[in-house]
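Residues per chain, in single letters:
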Amino acid sequence: MSEFNDWFNSVPFFTRYWLAFTIGLSLIGRFGVISYYYFILDYYPFIHQFQIWRPITALFYYPIGPSTGFHFLINCYFLYNYSQRLELSMFAGKPADYFYMLLFNWLCCVIIGLLVNLPILMDPMVLSVLYVWCQLNKDVIVSFWFGTRFKAMYLPWVLLAFNLVISGGGAMELLGILIGHLSFFLLFKYPQEFGGPALLTPPAFLKELFPDTRYVGGFGTAPQSRPTARGGNMFGHNWGRGQTLGGN
């Protein structure tokens, strides 16, 4: 148990609790402790019955079953892997900035979910975070199934095509890509390439609630691809693992 606690506490704050709430709420719904219906995003009870918790629970809940269990595990892996990478690299020392990006992506998912009757938000939310990391690390080589290797910038599209072929889906992946692209554009491309204001700068009260832990100069500048550590993968899995071109 102590090893689990050490691992859990080593995961960065927002990734840690996003993953924990996702697993916990999904298991509660799976075993019927609380009916899953109260967790999903449904327009009528949310608006007319003032069930204001639904946009939050729709983010954390995922229906686990024989046909969805593997997909749930893959989502948890991507959540843990790429959210952690963003939180420990681009947003290192700036928890309010990362939380504000997550909040923006989540609000986009909620608005679109209400418009198109999307009850579960985990898929597009996870893909939106993965997309941002891939855009910040375009030239990093990632490994996928069957030994395929390609640049990280193509990973979201490979996942979309993979899900389209395997399950006939793809809509959730496309939605996540669009939200992630909007987030990346407002965070980096718009202020840098178009000279616009930094529209996703967190308000002062979030900075007070989640103060910076250290100064990081030049926030908002996408980092250059960095070689991975020699000797393997810090995440213990090569699916989606990054390795820069020319790395050893």
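The structure displayed is predicted, hence computed values, not measured ones.

Peer 1: Any details on the pattern of salt bridges? Residues and values, ideally.
Peer 2: Per the counting criterion, the structure on display carries five salt bridges. Its salt-bridge partner being Asp-139, residue Lys-151 comes within 3.5 Å of it at the nearest N-O pair. Of this pair, Lys-151 sits in strand S2 (residues 149-151) while Asp-139 is found in the loop between helix H7 (122-136) and strand S1 (140-143), placing the two residues 12 residues apart along the sequence. Taking the relative accessible area as the measure of exposure, Lys-151 reaches 29% and is therefore partly exposed. Taken together, the shared-partner salt bridges in this structure form one network comprising Lys-94, Asp-97, Lys-207 and Asp-212.

Peer 1: Break down the packing of aromatic side chains for me, citing the residues and quoting the values.
Peer 2: Counted according to the given criterion, the structure contains 27 aromatic pairs. For Arg-54, the ring lying beneath its charged end belongs to Tyr-37, and the centroid distance is 4.6 Å.

Peer 1: Please set out the packing of H7 against helix H9 (residues 171-193) residue by residue, giving values where relevant.
Peer 2: Direction vectors running N to C along H7 and H9 enclose 45 degrees, while the axes themselves pass 7 Å from each other. Put simply, H7 runs oblique to H9. H7 and H9 meet at a crossing whose hand is right-handed. Mapping the contact onto sequence places Asp-123, Pro-124, Leu-127, Ser-128, Tyr-131, Val-132, Gln-135 and Leu-136 in H7 and Met-172, Glu-173, Leu-175, Gly-176, Ile-177, Ile-179, Gly-180, His-181, Ser-183, Phe-184 and Phe-188 in H9.

Peer 1: Lay out the environment of Leu-121 in plain terms, naming residues and giving numbers.
Peer 2: Structurally, the position occupied by Leu-121 is in the loop between helix H6 (95-116) and H7. Sequence spacing of Leu-121 and Gly-176 is 55 residues, and the spatial spacing of their C-alpha atoms is 9.5 Å. For Leu-121, the residues in contact, after removing those within four places along its chain, are Leu-41, Pro-55, Ala-58, Leu-59, Trp-106, Cys-109 and Val-110.

Peer 1: Explain the side chain of Thr-15 to me, and be specific about the residues and the numbers.
Peer 2: Tracing the chain through its elements places Thr-15 in helix H2 (residues 13-30). A polar side-chain atom of Thr-15 sits 2.8 Å from a polar atom in the side chain of Glu-87. Sequence-distant contacts of Thr-15, that is, excluding residues within four places in its chain, are made with Leu-79, Tyr-80, Ser-83, Gln-84 and Glu-87.

Peer 1: Provide a residue-level description of the UniProt feature "transmembrane region" (unreviewed entry) in the chain, including the pertinent values.
Peer 2: In the numbering used here, UniProt assigns the "transmembrane region" (unreviewed entry) feature to residues 17-39, 59-80, 100-118, 125-146 and 158-188. Secondary structure content for residues 100-118 is 89% helix and 0% strand, and the end C-alpha separation is 23 Å. Secondary structure across residues 158-188 divides into 90% helix and 0% strand, with the first and last C-alpha atoms of the span separated by 24 Å.

Peer 1: Which residues make up the nonpolar core, and what are the values?
Peer 2: If you look at soluble globular proteins, the nonpolar side chains tend to sit buried side by side. Among the nonpolar cores identified, the biggest contains 62 residues, and Trp-18, Leu-86, Met-101 and Leu-155 are the most heavily contacted of them. In terms of residue count, the dominant contributor to this core is H7 (10 residues).

Peer 1: Before we move on, could you go through a nonpolar patch on the surface and cite the residues and values that matter?
Peer 2: Where nonpolar side chains cluster on the molecular surface, the patch consists of Ile-23, Leu-27, Phe-31, Val-33, Ile-34, Tyr-36, Tyr-37, Tyr-38 and Trp-53 and spans about 910 Å² of accessible area. For Tyr-37, the location among the structural elements is in the loop between H2 and helix H3 (43-48). Under the relative-accessibility criterion, Tyr-37 is labelled partly exposed at 34%.

Peer 1: So what's going on with unusual backbone geometry? Which residues, and what values?
Peer 2: With phi around 55 degrees, Phe-50 is a residue other than glycine that occupies positive phi space. Tracing the backbone shows Phe-50 in the loop between H3 and helix H4 (54-60). Unlike most non-glycine residues, Asn-117 shows phi in positive territory, near 60 degrees. Here Asn-117 is to be found in the loop between H6 and H7. Asn-117 gets classed as exposed once you look at its relative accessible area, which sits at 59%.

Peer 1: Tell me about H7, and name the residues and values.
Peer 2: Over its 15 residues, H7 extends 22 Å from the first C-alpha to the last, a length consistent with the 21 Å expected when each residue adds 1.5 Å. Counting buried positions along H7 yields 15 of 15 residues, so the element is predominantly enclosed.

Peer 1: How would you explain the confidence of the model for the chain if you had to name every residue and give the values?
Peer 2: Confidence in the prediction of the chain, expressed as mean pLDDT, is 85, and 86% of residues score 70 or more. Across residues 215-221, where pLDDT falls below 50, the model places 13 contacts with residues more than four positions away in sequence or in other chains.

Conventions adopted
Residues numbered from 1 in each chain as written. Predicted model: local features only at pLDDT ≥ 70, side-chain atom pairs only at ≥ 80, totals over all residues. Heavy atoms only, no water. Salt bridge = Lys/Arg side-chain N within 4 Å of Asp/Glu carboxyl O. Helix = DSSP H or I, 4+ residues; strand = E, 2+ residues; numbered from the N terminus. Buried < 20%, exposed > 50% of the residue type's maximum accessible area, 1.4 Å probe, protein only. Phe/Tyr/Trp six-rings, centres within 6.5 Å; stacked < 30°, edge-to-face > 60°. Lys NZ or Arg CZ within 6 Å of the ring centre and 35° of its normal. Axes fitted to C-alpha atoms, helices over the stretch in contact; angles between N-to-C directions. Parallel < 35°, antiparallel > 145°, perpendicular 65-115°, else oblique. Left-handed = near helix turned anticlockwise from the far one by under 90°. Contact = heavy atoms within 4.5 Å. Polar contact = N/O pair within 3.5 Å; in protein donor to acceptor, adjacent residues only side chain to side chain. UniProt positions renumbered as here; feature names shortened; annotations may be inferred. Core = buried A, V, L, I, M, F, W, Y, C linked by side-chain atoms within 4.5 Å. Patch = residues over 30% accessible without salt bridge, like charges linked within 9 Å, V, L, I, M, F, W, Y side chains within 5 Å. Areas by Shrake-Rupley, 256 points an atom, 1.4 Å probe, with all protein chains shown as cover. Expected span 1.5 Å × (residues − 1). pLDDT = per-residue confidence, 0-100.

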